[in-house]
Number of protein chains: 2
Amino acid sequence: MPNPPAGKNPIGEHRIVHNCEACAVRDLALCSGLEGNELDDLERIVTRIALEPGRTLFYEGDEARNVFNVTSGAIRLYKLLSDGRRQVTGFMLPGDYLGLSVHGIYAYCAEAIGETHLCRFPVKDLNQLLDAYPRLEKRLLGMTRDELAAAQDQMLLLGRKSPVEKVASFLLDLCGREERLGEDEIDIVTLPMSRSDIADYLGLTVETVSRTFSRLKTEGVIDLPESSRIVFKERDKLEELAEGMI
Amino acid sequence: MPNPPAGKNPIGEHRIVHNCEACAVRDLALCSGLEGNELDDLERIVTRIALEPGRTLFYEGDEARNVFNVTSGAIRLYKLLSDGRRQVTGFMLPGDYLGLSVHGIYAYCAEAIGETHLCRFPVKDLNQLLDAYPRLEKRLLGMTRDELAAAQDQMLLLGRKSPVEKVASFLLDLCGREERLGEDEIDIVTLPMSRSDIADYLGLTVETVSRTFSRLKTEGVIDLPESSRIVFKERDKLEELAEGMI
DNA sequence: TAAAACCGTTGATTTCGGTCAATGCGGATT
DNA sequence: AATCCGCATTGACCGAAATCAACGGTTTTA
């Protein structure tokens, strides 16, 4: 049963009727801490929205009125320097939570990569729920803690890994996340994002990313049937590469 | 009134008698969320420890039994690759909280830089307190959120900034933190860490860090009366450099 | 249907930061 | 005072990744 759109607002978001109980990411997202009437209270404050490819959800510096949970598609988070250099700080997949703010201001920009669906929670309402349901707050703390740990892994990658190590780490990480989402095609990763997104995530240029993919293909470590599909031919080799053991 | 040591254990930690009410970082640390008898409960589970320079507090992968709050000195957090490459993920100063764990395992190594004092909280006991005092949990969430935001700034630095931009950002950041700690010497930063710590924090080599300091000195942006003291001669210039506006 | 725009790949060239090496400097030890 | 040691600095050189450029394939637009 598809979610029927319930109207389109001026900035290109589609509101959608939805049911949390039946949600695909129910066990991954913020809501996983809740059940029964707790979930009803959460459902009362949520709005489901859809974003078309390339649509900006919010900018760094905007007043942070909402937090979001991805239910389908993918979002890129990024920061910009004044001359346009970009650092992608994360890719948010179904189940992931976004909307980090400091002093009520978003800490990064968020853009849809492909067609993307999200749950939107007004911060004001959510804060009240947090007080009522400690389990929800625990869940939020847990998700923030996990994201901090991932950010520190990314620092190691950005500061000290070579291009091959970066690309290998990235592919394995994405593979692990897709597996956790129930992708059963083992050893195949689908890349929702462009080479330039990957480059800006890994602190490289598009050319270097492309050359590294080609090199891994030539060496027989991966296969590239299409530019957005990666097949792991030698996963152990890839894992060794990712940790700098070669 | 100094804190009298109360005995030294086999691994080189000194336990210390202490009073939270009179603590210097009372308003910065975890405890800032509490007052009165709440603070008493926290005090009941805390142990004050002292570390001599270079002492390891815990390793990445250790079972995470405690979390810590720095009260004086400085701690470096870092991750290692198998061949010894190191990424320093953060410097923890008085008021900062450390002990991030995923699945009950520490996510990084923690080492004292100089003589350092900390409050140690057993995770088990702290979790009970978190349930009893929501404000404490809010405080923890807030501190984790701030650290995540800082980690994302650091990703931008590591992935997209040039050496000068990295060093300038680092100096300004450290200056801001020392000011918040009540350092009243405006425009003077004292570096508790070595050049190699800085290099491993910024994703550079010692040589490049050293050359960049020298270059900034030659250009009259900073002064370097000693290798661990930085005087800002032209703060605006430094701020422009940090954001890549030159 | 042609033109344009975009994306990914590959090649040639350049450059910035890493590597290697030598020296200086201050504090600790004898 | 003399030696040593770790840390910081400086110089010379080199190489890996950035930059610049071109091309093929696909999608979008006119």
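All values reported here derive from a predicted model rather than from experimental measurement.

Asks: Even after reading the chapter, I still don't get the protein's contact with DNA strand D, so can you show me in this structure?
Replies: Around DNA strand D sit 14 residues in total, of which A:Pro163, A:Thr208, B:Arg195, B:Ser210 and B:Ser214 are the nearest. In the environment of DNA strand D, a phosphate oxygen lies 3.1 Å from a nitrogen or oxygen atom belonging to the side chain of A:Thr205. Between DNA strand D and B:Ser210, the relevant distance is 2.8 Å, taken from a phosphate oxygen to a side-chain nitrogen or oxygen of the residue. Listed by contribution, the elements that provide at least two residues to the surface near DNA strand D are α6 (206–218) of chain A together with α6 (206–218) of chain B. In terms of residue count, α6(B) provides more of the surface near DNA strand D than any other element does, four residues in total. A per-class count over the surface near DNA strand D returns two nonpolar, seven polar and five charged.

Asks: Where do I start with the protein's contact with DNA strand C in this structure?
Replies: In the neighbourhood of DNA strand C, 14 residues make up the surrounding shell, with A:Arg195, A:Arg211, A:Ser214, B:Pro163 and B:Thr208 lying closest. Sugar plus phosphate, as a fraction of atoms of DNA strand C within 4 Å of the protein: 66%. A:Arg195 has a polar side-chain atom sitting 2.7 Å from a phosphate oxygen of DNA strand C. At 2.4 Å, a side-chain N or O of B:Thr208 approaches a phosphate oxygen of DNA strand C. The set of elements that each furnish at least two residues to the surface near DNA strand C consists of α6 of chain A together with α6 of chain B. For the surface near DNA strand C, the element with the highest residue contribution is α6(A), accounting for four residues. Looking at the surface near DNA strand C, its residues break down into two nonpolar, seven polar and five charged.

Asks: Could you clarify how one ought to interpret the interface of chain A and chain B in this entry?
Replies: Listed by partner, the interface residues are 44 residues for chain A and 44 residues for chain B. Interface of chain A and chain B: buried area, both sides summed, is about 4,000 Å²; carbon and sulfur atoms make up 61% of it. Our enumeration of links across chain A and chain B arrives at 10 salt bridges. The partner of B:Asp131 in a salt bridge is A:Lys138, and the shortest N-O contact between them spans 2.9 Å. Our enumeration of links across chain A and chain B arrives at 22 residue pairs in polar contact (both at pLDDT 80 or more). Among the secondary structure elements, those contributing two or more residues to the side of chain A that touches chain B are β7 (86–92), β9 (101–102), α2 (123–132), α3 (134–160) and α5 (195–202) of chain A. Looking at the side of chain A that touches chain B element by element, the count peaks at 19 residues for α3(A). By residue class, the composition of the side of chain A that touches chain B is 17 nonpolar, 11 polar and 16 charged.

What counts as what
Residues numbered from 1 in each chain as written. Chains lettered and ligands numbered in written order. Predicted model: local features only at pLDDT ≥ 70, side-chain atom pairs only at ≥ 80, totals over all residues. Heavy atoms only, no water. Near = heavy atom within 4 Å. Polar contact = N/O pair within 3.5 Å; in protein donor to acceptor, adjacent residues only side chain to side chain. Helix = DSSP H or I, 4+ residues; strand = E, 2+ residues; numbered from the N terminus. Nonpolar A, V, L, I, M, F, W, Y, C, P; charged D, E, K, R; others polar. Contact = heavy atoms within 4.5 Å. Buried area = accessible area lost by both parts, 1.4 Å probe. Salt bridge = Lys/Arg side-chain N within 4 Å of Asp/Glu carboxyl O.

Just distances and angles here, no functional claims.
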